[in-house]
Amino acid sequence: MHRSKTNIAVSYFLIILFGLAMATPFVWMILSSFKTEVELMQTPPSFLPRHYKLTNYLTIMQSIPFLSFYLHTIIITVIRTLAQLAFCSMAAFAFAKMHFKGQNIVFIVLLTVLMVPVQMILVPDYIIMRTLGLVDSLWGVALPGMFSAFGMFLLRQFYMSLPNEFLDAGRIDGCSYFGVFRRLYLPLSKSALISLVIFTVMYSWNDFLWPLIISSSDNSRVLSVGIALLQGQNRVYYNELMAGATMATIPVILIFVFFQRYFVQGIALSGIKG
Amino acid sequence: MPAKAMRTSFIKKEGVQGWLMILPNTLGLLLFYLIPIGWSIILSLFKWNGLSKMKFIGFQNFGLLFSDASFLYSLRNTFIYSIAVVPLIILFVLCFGVLLARDEIKGVAGFRTLYFLPVMTMPVAAALIWKWLLNSRFGLVNKFLGYLSIPPINWLTSPAYVLPSVIIIGIWLGVAYDLIIIISGMKGIPGMYYEAADIDGASGFRKFFSITLPLLTPSLFFILITQLISCFQVFDTVSIILGADPPGSLWNAACSVVMNIYQNGFVNFRMGYSSAQSFMLFCIVLLITLVQFKVQKKWVNYA
């Protein structure tokens, strides 16, 4: 395909222009996290900080239990991700490759969860957690997110696309269905599982409304809630807030860098299957 | 048959194994999602502060909805938000997609990363970043507008501009995610269509409207549905933008339905009323989704 040189030049110009516009808030967050209060309040605002010192990062870690928020978020994300991986893949395999009474009706009933906005379950789930004595605990925050209709559906679609022959072969060799699933199908579904991991980590890491409701003290607060509560306090300055936001974003950036291919594939996949 | 062998043969049955494998996820979804959904609908018929005895009041909560000014404001704001955010996201995503889906541009993969940065940002953090960018005195946005000789705007403190501020953040967060879907959709269009169009001497615009756009409609439909649903549930950004202020004129101008649900359920402890609101939201979202699925037959091309 031939394109004129001006066409290419205009494309480059627009790509960079729009790209900078899209990237500016993110870059601004990082730059602001190094600025002093004086630089922050400067009119007109300066773009680059004068020094790159970690003062704001240290201040924010001392002024609130930032590290424990961090730890809580990591623990909850790991629990939810492992649980979803195990539970969703098992259920997805059973729905895709096995035949048993009642499976269709159960599958359809479970899928209705996908259509219902999460706000509907807030009050009842809160009451359940209160009854179980899990309000303001890490399990209370993590529990509902350990199960997923979306993840089950995503993986079920993937298992449907795999051939049945492995199942027959494994069964003839005397494997149980679970054995066939674990030894043959699970290793084959690596790419779909990674997509699920990325979705779950992102959802769990950014989750805000449920933790806001269920956490009532620093014992169980996660990063999103911790950062949100900070802005209400007068003694916390914006540059420190941005240091917190930057730290909260680092793990997601790392995942993006290491799994970029799967990351993009996973999101694209959800669009195609949808 | 000895007991052990009997148990083994029982376990080996497909039905038993199948049920065991779906058990954990099914129980979890049942306990934390399905039963709560039904419970929430029942709760909407009661007056309850979460502790006292529940009092059955029939459809009074629903009647109250239509005379509750703060709910009606939140409904209006959520509609305006969704009607602004969804089309603008689609417009931006199409423009960016046309630029970024072309592999003949060197380094395009690197540039794409710039556009994906918002996906990596926590919505709460994004709202905080924008709060400073939009700050009327120290913010970058008003500085930029100053270059264009536009006088500074009180983005976050004037009722006229606080909802547009939330809309800007919503677009910034949403574009990046949907761009990934659109780029993969554009790359999935077979090159031969464009080659044929080139032979016929079609212009770039003609190719976009006659090839790219029609073949992208399934992806656009997915973006439309998922964005509409998530727009109607907007909470994180609104709550940060309004967070520090007490309810007042700014709230009326930007409060969303979910924000209202949260406020009623977990700040004022009107749990029955809050459940009625969330049931109402569910009905609206369901209705809009069903209409979209009906209308799609008129404009979505499935290959």
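Computed from a predicted model, the values in this text were never measured in an experiment. Counting restarts for each chain: residues are numbered from 1 in the order of the written sequence. Going through the entries in the order they are written, you letter the chains from A and number the ligands from 1. Restriction of local features to residues with pLDDT of at least 70 applies here, the model being predicted, together with a cutoff of 80 or more for giving and counting side-chain atom pairs; totals for whole chains, interfaces and linings are based on all residues. Each side-chain value is worked out from all heavy atoms of the structure, with water and hydrogens disregarded.

(A) Broad picture of the overall build of chain B. Runs of E in the DSSP output that reach at least two residues are strands. Runs of H or I that reach at least four are helices, and both are numbered from the N terminus. From N to C terminus, chain B includes 14 helices and two strands. For the radius of gyration, the atoms used are the C-alpha atoms, and the globule rule reads 2.2 Å times the number of residues raised to 0.38. The globule rule puts the C-alpha radius of gyration for 303 residues at 19 Å, and the 25 Å found for chain B is more than 25% above it. Taken along its principal axes, the extent of the C-alpha atoms in chain B is 75 × 65 × 35 Å. Relative accessibility under 20% of the residue-type maximum defines a buried residue, over 50% an exposed one, and the middle range a partly exposed one, all with a 1.4 Å probe and only protein chains included. The buried share of chain B, reckoned over its 303 residues, is 53%. Put simply, of all contacts in chain B between residues at least 6 apart along the chain, 67% involve residues at least 24 apart. Summed over its atoms, the accessible surface of chain B is roughly 14,100 Å², and 71% of this surface lies on carbon and sulfur atoms. Counting rule for charge: Lys and Arg are taken as positive, Asp and Glu as negative, and neither His nor the chain ends is counted. By convention, the charge on Lys lies at NZ, on Arg at CZ, on Asp at CG and on Glu at CD. Here chain B holds 21 positive side-chain charges and 10 negative ones, and the gap between their average locations is 14 Å. Throughout, a residue-residue contact means that at least one pair of heavy atoms, one from each residue, lies within 4.5 Å. Residue exposure ignores everything except the shown protein chains as possible cover, and the areas themselves are Shrake-Rupley values with a 1.4 Å probe.

(B) Local environment of the environment of A:I214. All names here are of chain A. Counting through the fold element by element, I214 comes out in helix α12 (residues 209–214). By relative accessible area, which is 0% here, I214 ends up buried. When the C-alpha atoms of I214 and D136 are compared, they prove to be 5.6 Å apart, with 78 residues separating the residues in sequence. Residues within four places of I214 in sequence aside, it is in contact with Y126, M129, V135, D136, G140 and V141.

(C) Representation of the interface of chain A and chain B within the structure. Each partner contributes residues to the interface: chain A has 102 residues there, and chain B has 87 residues. Taken over both partners, the interface formed by chain A and chain B buries close to 8,600 Å², and the fraction arising from carbon and sulfur atoms is 77%. A pair is scored as a salt bridge if a Lys or Arg side-chain nitrogen falls within 4 Å of a carboxyl oxygen belonging to Asp or Glu. Remark: the boundary between chain A and chain B carries zero salt bridges. Polar contacts, as counted here, are pairs of nitrogen or oxygen atoms within 3.5 Å of one another; within protein the pair requires one atom able to donate a hydrogen and one able to accept it, and residues that are adjacent in sequence qualify only if both atoms are side-chain atoms. There are 19 residue pairs in polar contact (both at pLDDT 80 or more) connecting chain A and chain B. Looking at the side of chain A that touches chain B element by element, the count peaks at 18 residues for helix α1 (residues 5–32) of chain A. Two parts lose some accessible area (1.4 Å probe) when they are put together, and adding that loss for both gives the buried area.

(D) Looking closely at the environment of B:I171. Residue and element names in this part refer to chain B. The topology assignment puts I171 in helix α8 (residues 159–187). Judged by relative accessible area, which is 11%, I171 ranks as buried. Separated by 84 residues in the primary sequence, I171 and P87 place their C-alpha atoms 9.7 Å from one another.

(E) Local environment of the nonpolar core. Buried residues of nine kinds, namely Ala, Val, Leu, Ile, Met, Phe, Trp, Tyr and Cys, make up a nonpolar core once their side-chain atoms join them within 4.5 Å. Ranked by internal contacts, the top residues of the largest apolar core, which has 193 residues, are A:Y159 and B:L242. The greatest single-element share of this core, amounting to 16 residues, is contributed by α8(B). Those domain boundaries reflect an automatic or database domain assignment. Each of domain 1 (1–43) and domain 2 (59–299) of chain B accounts for three or more of the residues forming this core. Not counting chain neighbours up to four residues away, the residues in contact with B:L242 comprise B:V162, B:L250, B:W251, B:A254, B:C255 and B:M259.

(F) Geometry of a nonpolar patch on the surface. Residues qualify for a patch when their relative accessible area is over 30% and they have no salt bridge, like charges being joined within 9 Å and the nonpolar side chains of Val, Leu, Ile, Met, Phe, Trp and Tyr within 5 Å. On the surface, a cluster of nonpolar side chains totalling about 510 Å² of accessible area is made up of B:L20, B:L23, B:L27, B:L30, B:L31 and B:I35. Tracing the sequence through the fold places B:L30 in helix α2 (residues 14–43).

(G) Examining the pattern of salt bridges more closely. Residues and elements named next belong to chain A. Counted by the stated rule, this structure contains three salt bridges over all chains. Here D207 ties to R80 by a salt bridge, and the two come within 3.2 Å at their closest N and O atoms. With D207 in the loop between α11 (190–206) and α12 and R80 in helix α4 (residues 66–97), this residue pair connects regions lying 127 residues apart in the sequence. Comparing D207 with R80, the two get one shared label, buried.

(H) Region of the structure containing the packing of helix α5 (residues 108–120) of chain B against α8(B). All names here are of chain B. Angles here are taken between N-to-C directions and fall from 0 to 180 degrees, while the axes themselves are lines fitted to C-alpha atoms, restricted in helices to the stretch in contact. Between α5 and α8, whose axes approach to 6 Å, the crossing angle comes to 130°. Taken together, the axes of α5 and α8 are oblique relative to one another. Between α5 and α8 lies a crossing of left-handed hand. In contact with R112, Y115, F116, P118 and V119 of α5, α8 contributes W172, L173, A176, Y177, L179, I180, I183 and K187. Residues are grouped as follows: nonpolar covers Ala, Val, Leu, Ile, Met, Phe, Trp, Tyr, Cys and Pro; charged covers Asp, Glu, Lys and Arg; every other residue, Gly included, is treated as polar. Looking at the contact of α5 with α8, its residues break down into eleven nonpolar, no polar and two charged. Here the angle decides the label: under 35 degrees means roughly parallel, over 145 means roughly antiparallel, 65 to 115 means roughly perpendicular, and every other value means oblique. It is the rotation of the near helix from the far one that decides the hand of a crossing: anticlockwise by less than a right angle makes it left-handed, clockwise makes it right-handed.

(I) Representation of the packing of helix α5 (residues 103–115) of chain A against helix α8 (residues 149–160) of chain A within the structure. All names here are of chain A. Contact geometry of α5 with α8 gives a least axis separation of 8 Å together with a crossing angle of 120°. When the interaxial angle is binned, α5 and α8 end up oblique. The hand of the α5/α8 crossing is left-handed. From α5, F107, L110, L111, V113 and L114 reach across to α8, where they touch A149, F150, M152, F153 and R156. When grouped by side-chain class, the residues that make up the contact of α5 with α8 number nine nonpolar, no polar and one charged.

(J) Structural detail: α11(A). Spanning 17 residues, α11(A) covers 24 Å between terminal C-alpha atoms, matching the ideal 24 Å at 1.5 Å per step. Most of α11(A) sits out of view: 13 of its 17 residues are buried. Given a helix with a known number of residues, its expected span is that number minus one, times 1.5 Å.

(K) Representation of the confidence of the model for chain B within the structure. All names here are of chain B. Averaged over chain B, the pLDDT score is 90; the fraction of residues at 70 or greater is 95%. Within chain B, the element-level pLDDT minimum falls on helix α1 (residues 3–12), averaging 58, and the maximum on helix α4 (residues 69–100), averaging 96. The ipTM value of the predicted complex is 0.89, and its pTM value is 0.91. As a per-residue quantity, pLDDT reports the predictor's confidence and falls between 0 and 100.

(L) Representation of the packing of aromatic side chains. Only Phe, Tyr and Trp rings take part, Trp by its six-membered ring, and two of them pair if their centres are within 6.5 Å. Stacked means planes under 30 degrees apart, edge-to-face means over 60, and tilted covers everything else. Taken as a whole and judged by the stated rule, the model has 38 aromatic pairs over all chains. Each ring, one from A:F87 and one from A:F147, has its centre 5.6 Å from the other, and the planes form 5°; the classification is stacked. Pair noted here: A:F87 is in helix α4 and A:F147 is in the loop between α7 (138–142) and α8, with a separation of 60 residues, a long-range link. Here A:F147 falls in the buried class, since its relative accessible area comes to 9%. Where B:F235 meets B:Y262, the ring centres are 5.6 Å apart and the plane angle is 65°; that geometry is what we call edge-to-face. With B:F235 in the loop between α10 (204–232) and α11 (236–242) and B:Y262 in helix α13 (residues 257–267), this residue pair connects regions lying 27 residues apart in the sequence.

(M) Up close: the side chain of B:S165. Residue and element names in this part refer to chain B. When you line up the elements, S165 lands in helix α8. From its side chain, S165 meets the backbone oxygen of Y161 in a polar contact 2.8 Å long. Not counting residues within four places of it along the chain, the set of residues in contact with S165 comprises L134, W155 and L156.

(N) Unusual backbone geometry, seen in detail. Of note, A:D136 is a non-glycine position whose phi angle comes to about 60°, a positive value. Residues other than glycine seldom take positive phi values, yet B:F269 does so here, at roughly 55°. Its location among the elements puts B:F269 in the loop between α13 and α14 (271–299). By relative accessible area, B:F269 is classed as partly exposed at 41%.

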